[in-house]
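Residue-level structure breakdown
Now for the letters of each chain:
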2 protein chains.
Amino acid sequence: MGSAGKIESLEKLARLMRYYILTATTHAGSGHPTSSLSATELMGALLFGGIFRYDTAWPEHPNNDRLIFSKGHASPLYYAMWAAAGQLSEEDLMTYRKFGSPLEGHPTMSFRYVDAATGSLGQGLSIGVGLALNAKYLDKLPYRTYVLLGDSEMAEGSQWEALQIAAFYKLNNLIGILDVNRLGQRGETMYGHDLPAYEKRIAAFGWETLVIDGHSYPAVLEAYQKALHAKDRPVMIIAKTIKGKGVSFIEDRNGWHGVALDQKDYQRALKELGPVDKSIRGRILSPEAIEPQAVAPRAPDPMDYPSGESVATRDAYGHALKRLYPQFPDIVAVDGEVSNSTRTEIFKEAHPDRFFEMYIAEQNMAGVALGLQCRGKIPFASSFAAFLTRAFDQVRMSQYSDANIKFVGSHAGTSIGEDGPSQMALEDIAMFRTIHNGVVLYPADAVATEKMVEQAARYHGIVYIRTTRMKTPILYGAGEPFPIGGSKVLRHSANDAATVIAAGVTLHEALGAYAALKKEGIIIRVIDLYSIKPIDAETLQQAAKETPCMITVEDHTPEGGLGEAVRSGLGMVDVPLFSLAVRKKPKSGNPLELLAFEEIDTAAIIKKVIVNL
Amino acid sequence: MGSAGKIESLEKLARLMRYYILTATTHAGSGHPTSSLSATELMGALLFGGIFRYDTAWPEHPNNDRLIFSKGHASPLYYAMWAAAGQLSEEDLMTYRKFGSPLEGHPTMSFRYVDAATGSLGQGLSIGVGLALNAKYLDKLPYRTYVLLGDSEMAEGSQWEALQIAAFYKLNNLIGILDVNRLGQRGETMYGHDLPAYEKRIAAFGWETLVIDGHSYPAVLEAYQKALHAKDRPVMIIAKTIKGKGVSFIEDRNGWHGVALDQKDYQRALKELGPVDKSIRGRILSPEAIEPQAVAPRAPDPMDYPSGESVATRDAYGHALKRLYPQFPDIVAVDGEVSNSTRTEIFKEAHPDRFFEMYIAEQNMAGVALGLQCRGKIPFASSFAAFLTRAFDQVRMSQYSDANIKFVGSHAGTSIGEDGPSQMALEDIAMFRTIHNGVVLYPADAVATEKMVEQAARYHGIVYIRTTRMKTPILYGAGEPFPIGGSKVLRHSANDAATVIAAGVTLHEALGAYAALKKEGIIIRVIDLYSIKPIDAETLQQAAKETPCMITVEDHTPEGGLGEAVRSGLGMVDVPLFSLAVRKKPKSGNPLELLAFEEIDTAAIIKKVIVNL
């Protein structure tokens, strides 16, 4: 087909996509037609202009190009595009936004071509960075990653985190497509149609920039061709577009964000659109049939922690990751510029090609992890646990991508001491507990940590591991199993005066209380609740039956933490249940002073037991 | 004093500050001396070079210049600076990082000159934007805001959110001081000593940039003088500095981040420093004695919601803010480019000079709110509740600033319907419940919303109000009070078969269940738990005594939400307590379908009551 013929065919496909966009949204009675119409040529040229390479019969093909709709509200375009490619029928499109349809309001994993759920703005570029890092440095495949971006979402700082990291890693296989349609949700964006405002910022961040008319197929195709030949930098195509393009009475008009046309306007719009050829289908190029080199898993070395020694669980985490990598060769680590504190540096030094420094930018780190797991990797993402709160929205969104990510937060709780409250994670358990099917693990010693890292690597899903800054004594032998959902009853008798439930640093305080109380002839049960979610309800319920009083102890706020997890796990509680937790505003001091101040130390546990005898 | 004399005196003060930095950290045995030594001249010139204007006897002076240490780990410099100004003794400095000392590891409100606690990097510039917005647009005062920034923290996206907004609002009263000391925590920063890398990025974001040698007093002073004359843009002083400056054996060396010198190295360092004149004190200029115009509060108009009508609580929020502004003339609103959804636009249209558009950048929005409240404003910050998770770290940090901020999250829960899970807040209650002394309110109708906005404005602290997208019927008369910590027993009898505890959208489902069950002769108690934190434990405990079964119903995850708040509030629960909550991964659909799918609707409540009869 000649160039003129090609453009003509693309124009026809654009008309078909516009028809689908309008029809699906009007039928649904909601959705974002105008945000879809602005990017129709940008996506049409990509998919059907001989740029994108994708095997529609095999979405998981390791060498498929990837496309992330960062502006997820343009889902009508996304589905229209796949319909124009022959992968959805008009009937399918009529289920858009209906309960049970794979065509959700914003793209989710219910639809087979989606790599990652989007809809919270400013997250797609980070996911793209993860996909592109994988292609360039891990799988070493020529596939490219395209990310469709809205202009409004460029206000999100996470975008600039992604931009800087993409340039730092010279991701010339990453192409951003910025749909500058001038209008946000409630009015003009910060820069409106000032395209140079975007160009100079993005160029300053080290990207190649191409400013084009986003509705001109020749211009768009030329830009993609240039992008295919990027040398050592990622490319941003900055396209001037019209929101609502193709429907004159909504073009470039404020007040039409997220509004579907009513029947009357819809009919008017169709008239403007002119005749639509519903028989045509766009053709997508096939990917090169290349696959990454497979690495066979090997048995790991045994671990070695002499009993009687004290080891910080954060150290054990670093050692575990290094040791277990041969067994899980899909492991990759990312860290927010604190690998000497999280101890991810132990892994980094052993396997430098499996580590990516993410600098102090936790949102992008979480997004990159999501991108990496899209291509079968097992990402471990670490920072101070307190700073993982920075990425809550990314963590939240990754549950809708059915993501397989391991987050590891060090320096948990007041027990970090002198650095003070800004560095103390006191809400991380609450945060990660909210994740659907998420796992929250909190090891108390080095052996448990190693075992939980292994469990986490094995489990498909979002796992959070909380580690401790200070050294804690080894409690467990190397053969001890730590299944997800389990617990350890470390001390028990037929006549326990109380059950103390703790995890991590407070478990050692509980054991201290046991020893001190025993001298007084008082025996307590001590449970290591290392798996806070899922929780071992059976063991807890048994303790509630067998002991007259229960006490939870945690270096975390009372809200959403171990104490509330236990209450929910127990269900009906007909014994007194007390929660020792961080209830006062913490401050700087030494760790033991702080545990005492917060009344989560040995003395506080003893006091609580005795008062309730 | 002549120029040479001035420089000589500043050099002496720098030596004194270095002495204090080294002495305090070595005495504490921890802290960040090297990160402090790099910025000593930058801060010495500011405070003692005739730039900064501050009444040390009156820190709250409305026209004091403000200084935010965004790189909070440079606290040794911060305290050394105030010691050199005669506001702390050497003895005071010896308490650095000790339990109970106001001189915490990272600056907190325990120290009288601190405006906002810092230590989580990348947050200070947003706080500075809030302070500068206040000076320029609200209090209309000539004070300036200075923010000391680390180079490593420029990787945080929140910085770029702050940079763009500062330029957008032409904050020529905001001066950033970027201490480019090349080294982060675990090695070189992304750009090392490539100062043009920072310059081009920051200039592209619309700031005036001044690149200087950060250890040359004349250069630093000249830069500040230029900054004092900024016309229509904020100014960033980009200073090349040496980490550990002044102590040759730690200068520009990796591995010395956050490490105090031991006694031997300390003595070596003091020798290098040479004789220190401990008798000198730096002089800080006084501020102009100007105060903002005071606005007297006026009684608000009465509200007007005809009973029988249905009004979305998000609409009521917008109306309340507009109506209550005369009563609380310190109210200011900020919104993340969704004011037409959160309905903050109702306030914006009525009081445009009290509204600042923050675009889609929630982290900066939270930081700006923190800055605004530092100067006595009552900021209301709104977005979709789901997207407030983006600012969790800023929210977390603001509790350590004893902040007075009202967060308002709309579009809560699955009841938003068709837009799908990305837009549904299901973890916002869990997030805000973790805040020390935080308040979490969830109104079910328009009247309750108006009353809670008033309560929030009156309360000094962090308050979260959760609003609903869809319309809900008016339940309450205009005279009904809604105190923080209260609840409403809407239906009760002497023979209630169960107590159903709900809030917001699920309260209407509970009332539906009441009506349906009553027809079958089954009477239930219904409690509107509008104050989720603090919680009305007394009413709950009474219900637990008086009814044989309790059921919580919430449009939120079971973890950390209303259900767990009730369990914790109840303490011992010797009746069956069931939690209906969002336990399945939600999807697009209409609101009623989703409430049914998640089993949090009228039918699910009825079923639970009947099964447990």
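Residues numbered from 1 in each chain as written. Chains lettered and ligands numbered in written order. Predicted model: local features only at pLDDT ≥ 70, side-chain atom pairs only at ≥ 80, totals over all residues. Heavy atoms only, no water.

1. A closer look at the overall build of chain A
Here is the rule: In DSSP terms, a helix is any run of H or I states spanning at least four residues, a strand is any run of E spanning at least two, and both are numbered starting from the N terminus. Throughout, radius of gyration means the C-alpha value; the globule benchmark is 2.2 Å times the number of residues raised to the power 0.38. Classification of residues uses two cut-offs on accessible area relative to the type maximum, computed with a 1.4 Å probe and protein chains only: under 20% is buried, over 50% is exposed, and between them is partly exposed. Residues are treated as being in contact if the distance between any of their heavy atoms lies within 4.5 Å. Only the protein chains shown count as cover for residues, and all accessible areas are computed by the Shrake-Rupley method using a 1.4 Å probe.
Per the secondary structure count, chain A includes 23 helices and 19 strands. The C-alpha radius of gyration computed for chain A amounts to 27 Å, which stays within 12% of the reference 25 Å derived for 613 residues, consistent with globular compactness. Every one of the 613 residues in chain A was classed for burial, and the buried ones make up 70%. For chain A, the share of sequence-separated contacts (at least 6 apart) that also reach a separation of at least 24 residues comes to 78%. Looking at chain A as shown, the accessible area adds up to about 18,800 Å², and 49% of this sits on carbon and sulfur atoms.

2. Focus: the packing of aromatic side chains
As a reminder of what qualifies: Two rings from Phe, Tyr or Trp (for Trp, the six-membered ring) form a pair when their centres sit within 6.5 Å of each other. Planes less than 30 degrees apart are called stacked, planes more than 60 degrees apart edge-to-face, and all others tilted. Criterion for a charge above a ring: Arg CZ or Lys NZ at most 6 Å from the ring centre, at most 35 degrees from the ring normal.
Applying the stated criterion across every chain yields a total of 62 aromatic pairs over all chains. Ring geometry for B:Tyr191 and B:Tyr198: centres 5.5 Å apart, planes at 85°, overall edge-to-face. Like B:Tyr198, B:Tyr191 is buried. On the basis of an interplanar angle of 40° and a centroid distance of 5.5 Å, the ring pair of B:Phe407 and B:Phe432 is categorised as tilted. With B:Phe407 in strand β10 (residues 406-410) and B:Phe432 in helix α17 (residues 428-433), the pair connects residues that are 25 residues apart, well separated along the chain. The ring of B:Phe205 has A:Arg201 lying over it, and the distance from NZ or CZ to the ring centre is 5.2 Å. Seen from the ring of B:Phe99, A:Lys587 lies directly overhead, with NZ or CZ sitting 5.4 Å from the centre.

3. Observations concerning the relation of the copies chain A and chain B
Stated precisely, the cut-off is as follows: Least-squares superposition of the copies uses the C-alpha atoms of those residues scoring a pLDDT of at least 70 in each of them.
Relative to chain B, chain A is turned by 180° and slid 0.0 Å along the rotation axis, the superposed coordinates differing by an RMSD of 0.0 Å. Here the symmetry operator amounts to a two-fold rotation axis. Among all residues of chain A, the one whose C-alpha sits closest to the rotation axis is A:Gly157, at a distance of 1.8 Å. Counting the interface residues of chain A, we find that 100% of their copies in chain B are interface residues as well, pointing to one common contact surface.

4. Digging into helix α9 (residues 217-228) of chain A
Residue and element names in this part refer to chain A. What counts, and what does not: In a helix, the anticipated span is given by 1.5 Å times the number of residues less one.
Between the first and last C-alpha of α9 there are 16 Å, a value that for 12 residues agrees with the 16 Å anticipated at 1.5 Å per step. The set of residues buried in α9 consists of Tyr-217, Ala-219, Val-220, Leu-221, Ala-223, Tyr-224, Ala-227 and Leu-228. The inward-facing, buried residues of α9 contact α1 (3-28), α3 (40-48), β2 (145-150), β3 (174-180), β4 (208-213) and β5 (235-240).

5. Overview of the interface of chain A and chain B
Where we set the bar: By convention, the term buried area covers the 1.4 Å-probe accessible surface removed from two parts as they join, with the contributions of both added. A pairing counts as a salt bridge when a side-chain nitrogen of Lys or Arg comes within 4 Å of a carboxyl oxygen of Asp or Glu. Each polar contact in these results corresponds to two N or O atoms within 3.5 Å; when the atoms are within protein, one needs to be able to donate a hydrogen and the other to accept it, and residues that are neighboring in sequence are counted only if both atoms are side-chain atoms. The nonpolar class holds Ala, Val, Leu, Ile, Met, Phe, Trp, Tyr, Cys and Pro. Asp, Glu, Lys and Arg form the charged class, and all remaining residues, Gly among them, are polar.
The interface is formed by 102 residues belonging to chain A together with 102 residues belonging to chain B. The largest per-residue losses of area from chain A upon contact with chain B belong to A:Phe99, A:Arg186 and A:Arg390, which jointly make up 10% of the total buried on that side. On inspection of chain A and its partner chain B, the count reaches 16 salt bridges. Its salt-bridge partner being B:Lys533, residue A:Glu559 comes within 3.0 Å of it at the nearest N-O pair. Summed over the shared surface of chain A and chain B, the number is 54 residue pairs in polar contact (both at pLDDT 80 or more). Take the side of chain A that touches chain B: its biggest share by element is 7 residues, from helix α7 (residues 157-168) of chain A. Across the side of chain A that touches chain B, the residue classes break down as 33 nonpolar, 37 polar and 32 charged.

6. A few points about the nonpolar core
Heads up, the rule is: We define the nonpolar core as a collection of buried residues of types Ala, Val, Leu, Ile, Met, Phe, Trp, Tyr and Cys that are connected through side-chain atoms lying within 4.5 Å of one another.
With 240 residues, the main nonpolar core has A:Ile202, A:Phe407, B:Ile202, B:Phe380 and B:Phe407 as its most contacted residues. Discounting chain neighbours no more than four positions away, the residues touching B:Phe407 are B:Ala366, B:Ala381, B:Leu388, B:Val395, B:Phe432, B:Ile462, B:Val463, B:Tyr464 and B:Ile465. In this structure, A:Leu13, A:Leu37, A:Ala239 and A:Ala269 belong to the second largest nonpolar core, which totals 72 residues.

7. Describing the environment of A:Ala116
Residue and element names in this part refer to chain A. The residue Ala-116 is located in the loop between α5 (90-93) and α6 (124-138) in this model. Given the relative accessible area of 5%, Ala-116 is considered buried. When the C-alpha atoms of Ala-116 and Ser-398 are compared, they prove to be 7.6 Å apart, with 282 residues separating the residues in sequence.

8. Quick word on the pattern of salt bridges
Counted by the stated rule, this structure contains 54 salt bridges over all chains. For B:Arg525, the salt bridge goes to B:Asp496, with nearest N and O atoms at 2.8 Å. Of this pair, B:Arg525 sits in strand β16 (residues 525-528) while B:Asp496 is found in the loop between β14 (488-491) and β15 (499-502), placing the two residues 29 residues apart along the sequence. B:Arg525 sits in the buried class, given a relative accessible area of 6%. Salt bridges sharing partners connect three or more residues here, namely A:Glu156, A:Asp393, A:Arg396 and B:Arg390.

9. Considering the pairing of strand β4 (residues 208-213) of chain B
Applicable threshold: Two strands make a pair as long as DSSP finds a minimum of two bridges between them.
In this sheet, strand β5 (residues 235-240) of chain B lies alongside β4(B) in parallel orientation, the contact comprising 6 bridges. Along β5(B), the bridge assignment pairs B:Thr209 with B:Met236.

10. Focus: the confidence of the model for chain A
Just so we agree on the cut-off: Think of pLDDT as the predictor's per-residue confidence, scored from 0 to 100.
Residue-level pLDDT values for chain A average 97, and 100% of them are 70 or greater. Across the interface, the model reports ipTM at 0.98; the global pTM reads 0.98.

11. Observations concerning the sheet that holds strand β19 (residues 577-580) of chain A
Residue and element names in this part refer to chain A. To keep things clear, this is the line we draw: Angles shown run from 0 to 180 degrees and are taken between the N-to-C directions of axes, each axis being a line fitted to C-alpha atoms and, for helices, limited to the stretch in contact.
What the 5 strands build is an open sheet, ordered β14-β16-β15-β18-β19; its pairing is mixed. In this open sheet, the two edge strands, each paired with only one partner strand, are β14 (488-491) and β19. Between one strand and the next, the sheet's axes are offset by a mean angle of 25°, whatever the strand orientation. Here 4 bridges tie strand β15 (residues 499-502) to strand β18 (residues 550-553), and the two strands are oriented parallel to one another. Within β18, the residue paired with Ala-502 across the bridge is Val-553. Across the sheet, helix α19 (residues 505-519) touches β14, β15, β16 (525-528) and β18, and the angle it forms with β16 is around 165°.

12. Points about unusual backbone geometry
With an omega of -5°, the peptide bond running from A:Lys533 to A:Pro534 counts as cis. Along the chain, A:Pro534 falls in the loop between β17 (531-533) and α20 (537-546). Although it is not a glycine, A:Arg343 sits at a positive phi angle of roughly 75°. By the secondary structure assignment, A:Arg343 is in the loop between α12 (339-342) and α13 (345-350). One non-glycine residue, B:Tyr359, lies in the positive phi region at around 55°. Position of B:Tyr359 among the secondary structure elements: in the loop between β8 (355-357) and α14 (362-374).

13. Some thoughts on the packing of helix α1 (residues 3-28) of chain B against helix α3 (residues 40-48) of chain B
Residues and elements named next belong to chain B. Note the threshold: Note on terminology: angles under 35 degrees are roughly parallel, angles over 145 are roughly antiparallel, angles of 65 to 115 are roughly perpendicular, and the others are oblique. Should the near helix be turned counterclockwise from the far one by less than a right angle, the crossing is left-handed, whereas a clockwise turn marks it as right-handed.
Where α1 contacts α3, the axes come no closer than 10 Å and their chain directions differ by 125°. By the angle between their axes, α1 is oblique relative to α3. Here the hand of the crossing between α1 and α3 comes out right-handed. Taken together, the residues of α3 that come into contact with α1 (itself represented by Leu-10, Leu-13, Ala-14, Met-17, Arg-18 and Ile-21) are Thr-40, Glu-41, Gly-44 and Phe-48. Classifying every residue of the contact of α1 with α3 gives 6 nonpolar, 2 polar and 2 charged.

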